[in-house]
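# Remarks on the overall topology
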Amino acid sequence: MSELSKRFDFKEVDSKWCKYWEDNDVFEAKANKDKIPYTIVIPPPNVTGILHMGHALNNTLQDIIIRYKRMKGFEALWMPGTDHAGIATQNVVERKLAKEGKGREDVGRDAFVDMLWSWKKEYGDTIINQLKNIGASCDWKRTRFTMDDGYSEAVKQAFIKLYKKDLIYRGTYIINWCPRCLTALSDEEAEHQDHQGHLYHLKYPLKDDPENYIIVATTRPETMLGDTAVAVNPKDKRYKKLVGKTLILPLINREIKIIADDFVDMEFGSGAVKVTPAHDPNDYHMGKRNNLEFINVMHENGKINKNGGEFDGLDRFDARKKVLESLEKQGLLLKTEDHAHAVGHCYRCDTIVEPYLSKQWFVRMAPLAAPAVKAVKDGKIKFTPDRWTKVYLNWMENIRDWCISRQIWWGHRIPVWYCDDCNNEMVAADELKTCTKCNSANIRQDEDVLDTWFSSWLWPFATLGWPKENEELKYFYPTSSLFTASEIIFFWVARMIMAGFEFMGDIPFSDVYIHGTVRDSKGRKMSKSLGNAIDPLEIVNEYGADALRFSLIVNSGQDLFISKEKFEIGRNFANKIWNASRLILMNAKDIDKNFDLSKTENLDLPSKWIISRFHSTLEKVSDSIERYRYSEAENLIYEFFWSTFCDWYLEIIKDNWGNKQIQNIAYKIMEESLKIIHPFMPFVTEEIWDNINKDKGVLSIQPWPELDKNLINKKAEKNMLLVIEHTTSIRNTRSQWNISPKEELTCHFAAHSKDSLNTLKENAEVLINIAKLKDVKMDEKLQQTKNVAINVIGDSENAILLEGIVDIGKEKSKILKQIDEHKKLGAGLSKRLSNKNFTDKAPEDVVKKEKERLESIEIKVTKMEAAVAALN
RNA sequence: GGGCGAUUAGCUCAGUUGGUUAGAGCACCUGAUUUACAUUCAGGGGGUCGUAGGUUCGAGUCCUACAUUGCCCACCA
């Protein structure tokens, strides 16, 4: 056992333990039949990711519970890894290419994918290393990547299985298209943002009666180039006569019909809708229902194509302007209104997405959703906080098919081949050379890759080896809990549940914990572009990883509003732990390492109390962790260690370090406290532990302290509370008496260590004597204060009530005021107690408590009155 | 348009079967220091718990309405 250095050097300590834990495989987990598994899979961060506060929060939460469970004796596995993040990663390398003035087409598919792999090799571990730096106790040797060999096999098998069950199909539908990324997106990947746009009212003239026209309203006038009908509600009397008539589509001069369709809302706009089946999802369905023509007027990059006549080649937004100009010239633009509406944006590049008619692959979701809904309804999977259950169910019950093909190059290529000779469509895990039907070598693989989430949804079992059957998969699956932000419920959580049932026949996890979003002090989401982000690594650098972790969690009720100062609490607490331990190690030179807190005799009150308080804290902390109430757990620990252990116990025993039993108790409480603090602040606790218990191995794998309810002593806690109360009241007069804290505390420790009324009385006299000694000084200092009196104004069964009176006049009015307050309180109480309704209906213990309270108030008042009388 | 939260001290938030005089941290004010820790210690001021009703012996907590605010979902062109 060595002495701790004067300062807690977190920089050195953080990096030392990161390395030690990893080098010694401290967090390795194996299929150990003698233990119960507890498994968490990390939400794989994007391989392009750089640690931000959201990651720091998410991973600290996971680390707390996994470290806790590990100490509790579970075979704790935290599975790490990264996600290939299709579009995001491709964008990074494309940006690099763009600097050289090149596009991906210029280098070709194979070379481009090679570039991505080398990028991944060079930078892909960044975020993993950053996670290590904040203390994440993953089993790092297992680190997976959603495109590593085994994982790619899993993705292929999943695709093939669904394909063979006809749960995957290919078809031409309206999907969300990003004209910048040049790929399809799923519904979830198109983020709706409110836009202040315009609603343009256009006139479409009738063919037979060109003077007359029908008015349609649109927010995207350029799509009119692809209109193939105008629809009205069949119940709309205004248009009844016009249904079936032919219109001339302006600018294009196409003949289009007026049709009737229930979809049309008579109340909105003019009650007539232009129908563009190739460029709007609703119109698409109307087109299908009414057998309309589908005219695509746009290229993939958002430019108008030759179907757009004179507008051919214009970008969609230029086309919008030009179309409006032309219509206005012809007098066909009736009016322009301001109109707020939601517009979809690409979640990767923020470009406005275009509803676009395109041939894509889809997963049929309804059959997959059924068991996933049931599992949550049956309580097999629980959301915390509970309110997310509804959000999940609502989405699942209205689920739509999932567009899984992406027109990018970075990802899992769709394992489907087409034969150019016989049009055969083949699905296969391994590369095909010839057509399985006509044997032609003239075959080609589908160009598209799968949505990144199509690999992520397999994460809980693919990381454990699926589709191969093995011991580990059996042992660790289903996993225990999943930690994520609410944004990811649809993208990932819901889909993992579906995949779990589909491929494993079981839930993927039993608990889902949804944590808040990290925001700046003004409530804005932290983001690079806003420039309001606080870099967690900067905090690690300035305050230490423990400070980062502790501070984040203590603020983590719902959404977190973070500013830099908020991290001081963690830094200060780490410092406190360090210094308190240092104090104990400096003074407790003669400790018995096998000292057992439960086998002590003739304990003084403060020691009984601190042991009791430790165990009641231990009980509550364990309970809070199990119920995912982390900030509550931290508050309990903080309060116990700082306010209880340091501010009271260590102060009280200050002059009693010679007492071996006191030494042992202080040491033991510190040692046990380190264990319960460890999941929250692993570095500082590990370092202190290493100084005292090198022989026992690292703290990370020590058993969690055993709760001994016999050591919870309610009476001692109550008595000590009285002592604290009285000490506090004496402290109020202390500064006026000029008694140093040391004298005061000496007196108090002596007074309460024997826990008897007589001793208390004796020591009250000691206190009085001290005050009398000070009296002389006081006269010098406060010349006018002459009448100094100390009255023992009363005692109760457990402790003595002391009041110091310095300036009689001043103190008298103070006491009179107090008497007044007490009397008011007493009056309220006795009124309550005389209310029959209360005594009859309220539970007995409440009534009893209130009676006791009233009594004690009455006694207090009597004594105070006596004290005032004595002063006269 | 639908759904879900939030509203408690100057600020950030606890307050979980309704039950003592509503708590903490930060900030502010007063005071302490031969010290394990100035990243410290002691003390203090500051709240009609968003508003209005209701249920109850008793409401920050339950119910209703309203106000303010945040988020999610959504195919009104």
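Residues numbered from 1 in each chain as written. Chains lettered and ligands numbered in written order. Predicted model: local features only at pLDDT ≥ 70, side-chain atom pairs only at ≥ 80, totals over all residues. Heavy atoms only, no water.

### Observations concerning the overall build of chain A
Secondary structure assignment for chain A yields 28 helices and 27 strands. A total of 872 residues make up chain A; the buried ones form 54% of that total. Counting only contacts in chain A whose residues sit at least 6 apart along the sequence, the fraction spanning at least 24 positions is 76%. (Helix = DSSP H or I, 4+ residues; strand = E, 2+ residues; numbered from the N terminus. Buried < 20%, exposed > 50% of the residue type's maximum accessible area, 1.4 Å probe, protein only. Contact = heavy atoms within 4.5 Å.)

### Some thoughts on the packing of helix α2 (residues 53-71) against helix α17 (residues 545-554)
Here α2 crosses α17 at 95°, and the two axes come no closer than 10 Å. With respect to each other, α2 and α17 are oriented roughly perpendicular. Of the residues in α17, those touching α2 at Met 53, Ala 56, Leu 57, Thr 60, Leu 61, Asp 63, Ile 64 and Arg 67 are Leu 548, Arg 549, Leu 552 and Ile 553. Grouping the constituent residues of the contact of α2 with α17 by class yields eight nonpolar, one polar and three charged. (Axes fitted to C-alpha atoms, helices over the stretch in contact; angles between N-to-C directions. Parallel < 35°, antiparallel > 145°, perpendicular 65-115°, else oblique. Nonpolar A, V, L, I, M, F, W, Y, C, P; charged D, E, K, R; others polar.)

### Remarks on the pairing of strand β22 (residues 479-485)
With respect to burial, β22 is a largely interior element, seven of its seven residues being buried. By the bridge criterion, six bridges tie β22 to strand β23 (residues 509-515) in an arrangement that is parallel. Looking at β23, one finds that Phe 483 is bridged to Tyr 513. Taken together, β22, helix α15 (residues 488-504) and β23 constitute a β-α-β crossover, and its handedness is right-handed. (Pairing = 2+ DSSP bridges. Right-handed = clockwise from strand over helix to strand, strands pointing away.)

### Quick notes on the sheet that holds strand β5 (residues 168-178)
Pairing within the open sheet is antiparallel, and its four strands lie in the order β6-β5-β14-β16. At either end of the open sheet lies a strand with only one pairing partner, and these are β6 (183-185) and β16 (402-403). Pairing analysis gives ten bridges linking β5 to strand β14 (residues 354-363), with the strands arranged antiparallel. Residue pairing for β14: Tyr 169 is matched across the bridge by Phe 362.

### Focus: the environment of Lys 593
Residue placement: Lys 593 occurs in the loop between α18 (568-587) and α19 (605-626). Judged by its relative accessible area of 28%, Lys 593 is partly exposed. In the structure, Lys 593 is positioned 71 residues away from Asn 664 in sequence and 8.0 Å away in space, judged by C-alpha atoms. The residues contacting Lys 593, other than those within four sequence positions of it, are Tyr 667, Lys 668, Ile 692 and Asn 693. Reaching out from Lys 593, the side chain makes a polar contact with the backbone oxygen of Ile 692 at a distance of 2.2 Å. (Polar contact = N/O pair within 3.5 Å; in protein donor to acceptor, adjacent residues only side chain to side chain.)

### Some thoughts on the confidence of the model for chain A
Per-chain confidence: chain A averages 84 in pLDDT, with 87% of residues scoring 70 or above. Note on residues 733-808: pLDDT under 50 across the span, and 117 contacts to partners over four residues away in sequence or across chains. If you check the scores for this complex, the pTM reads 0.88 and the ipTM reads 0.94. (pLDDT = per-residue confidence, 0-100.)

### Regarding the protein's contact with RNA strand B
Around RNA strand B, the structure places 49 residues, and the nearest of them are Asn 282, Arg 629, Trp 642, Lys 841 and Arg 853. For RNA strand B, the fraction of atoms within 4 Å of the protein that belong to sugar or phosphate moieties is 58%. For RNA strand B, a sugar or linking oxygen lies 2.3 Å from a polar atom in the side chain of Asn 282. Residue Lys 390 places a side-chain N or O atom 2.9 Å away from a phosphate oxygen belonging to RNA strand B. Secondary structure elements with two or more residues in the surface near RNA strand B: β8 (213-218), β13 (333-346), α18, α20 (630-652), α23 (714-737), α26 (808-834), α27 (836-841) and α28 (844-871). In terms of residue count, α18 provides more of the surface near RNA strand B than any other element does, nine residues in total. Within the surface near RNA strand B, the residues separate by chemical class into 17 nonpolar, twelve polar and 20 charged. (Near = heavy atom within 4 Å.)

### Description of the pattern of salt bridges
Evaluated as defined, the whole model comprises 50 salt bridges. The salt bridge partner of Arg 144 is Asp 148, with a shortest N-O separation of 3.0 Å. Asp 227 is the salt-bridge partner of Lys 274, the closest N and O atoms lying 3.1 Å from each other. Here Lys 274, found in strand β12 (residues 272-275), pairs with Asp 227, found in the loop between β8 and β9 (229-232); they are 47 residues apart in sequence, far enough to count as distant. Linked through salt bridges whose partners overlap, the residues forming this network are Lys 16, Glu 687, Asp 690 and Lys 694. (Salt bridge = Lys/Arg side-chain N within 4 Å of Asp/Glu carboxyl O.)

### Re helix α10 (residues 366-377)
Residues spaced three or four apart along an α-helix point in a common direction, a consequence of the helix completing one turn every 3.6 residues. Here α10 contains twelve residues, and its C-alpha end-to-end distance of 16 Å stays within 8% of the 16 Å for a straight helix at 1.5 Å per residue. Along α10, the residues that are buried comprise Leu 368, Ala 369, Ala 372, Val 373, Ala 375 and Val 376. What you see down the axis of α10 is that its buried residues fit within an arc of 160°, all on one side. Across α10 from its buried face, at more than 90 degrees, point the exposed residues Ala 366, Lys 374 and Lys 377. Along its buried surface, α10 packs onto α7 (149-164), β14, β15 (382-384), α11 (388-397) and α15. At the exit of α10 stands Gly 379, carrying a positive phi of roughly 80°. (Expected span 1.5 Å × (residues − 1). Arc of directions from axis to C-beta.)

### Remarks on unusual backbone geometry
The step from Thr 384 to Pro 385 runs through a cis peptide bond, and the omega angle for that step is -5°. Along the chain, the position of Pro 385 falls in the loop between β15 and α11. For the bond running from Trp 466 to Pro 467, omega is 10°, close enough to zero to count as cis. Note on placement: Pro 467 falls in the loop between α13 (459-462) and α14 (471-476). Backbone geometry places Asp 25, a non-glycine residue, at a positive phi of 50°. Phi is positive for Leu 182, close to 55°, though the residue is something other than glycine. Secondary-structure assignment places Leu 182 in the loop between β5 and β6.

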